[in-house]
Amino acid sequence: MTDNEIKMLAVFDERVHELVNLCTEKQQRVHALETSLKEHDEKLQQSVQALEILQTKYDNLLTAKQLAQNEGDLTDARRRVGKLVREVDACMALLNE
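In this text the structure is predicted, and so the values were computed from the model without any measurement.

Draft legend 1. Region of interest: the overall build of the protein. Scanning the protein from N- to C-terminus turns up two helices and zero strands. At 32 Å, the protein has a C-alpha radius of gyration far larger than the 13 Å of a compact globule built from 97 residues. Oriented by its inertia axes, the alpha-carbon framework of the protein measures out at about 105 × 30 × 15 Å. Buried positions account for 5% of the 97 residues belonging to the protein.

Structure representation (structure tokens):
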């Protein structure tokens, strides 16, 4: 082999190593981003669950307030209580599955 070919082979070898290192760095970055995404998804799921709990509490508070204020309007109060009973039944059905 000539000196020129040896130099070109050395440059090629160096570039291959750089490419392998770059690929490794990118794989590590992808892994870090996937981990971060997973953590954010878990936080989002927890926030959604907390929101659902708060919404249920709010609905219950509205029902209680309406029952306290409008004792004469039993039809709407019965409708709200019926809705709550159906929600509880649905939850129990999900738990039984």
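Structure's up, so let's keep going.
Draft legend 2. Quick look at the environment of aspartate 13. Mapped onto the elements, aspartate 13 comes out in helix α1 (residues 3-69). A relative accessible area of 41% means that aspartate 13 is categorised as partly exposed. The spacing of aspartate 13 and alanine 32 is 19 residues in sequence and 29 Å in space, taken between C-alpha atoms.

Draft legend 3. Main features of a nonpolar patch on the surface. There is a patch of nonpolar side chains on the surface, built from Met1, Ile6, Leu9, Phe12, Val16 and Val20 and spanning about 630 Å² of accessible area. Considering the arrangement of structural elements, one finds valine 20 in helix α1. On the basis of relative accessibility, which here comes to 47%, the residue valine 20 falls in the partly exposed class.

Draft legend 4. Spotlight on the environment of leucine 54. Looking at the element boundaries, leucine 54 is found in helix α1. Along the sequence, leucine 54 and glutamate 5 sit 49 residues apart, while their C-alpha atoms lie 72 Å from each other.

The rules behind the values
Residues numbered from 1 in each chain as written. Predicted model: local features only at pLDDT ≥ 70, side-chain atom pairs only at ≥ 80, totals over all residues. Heavy atoms only, no water. Helix = DSSP H or I, 4+ residues; strand = E, 2+ residues; numbered from the N terminus. Rg over C-alpha atoms; globule rule 2.2 N^0.38 Å. Buried < 20%, exposed > 50% of the residue type's maximum accessible area, 1.4 Å probe, protein only. Patch = residues over 30% accessible without salt bridge, like charges linked within 9 Å, V, L, I, M, F, W, Y side chains within 5 Å. Areas by Shrake-Rupley, 256 points an atom, 1.4 Å probe, with all protein chains shown as cover. Salt bridge = Lys/Arg side-chain N within 4 Å of Asp/Glu carboxyl O.

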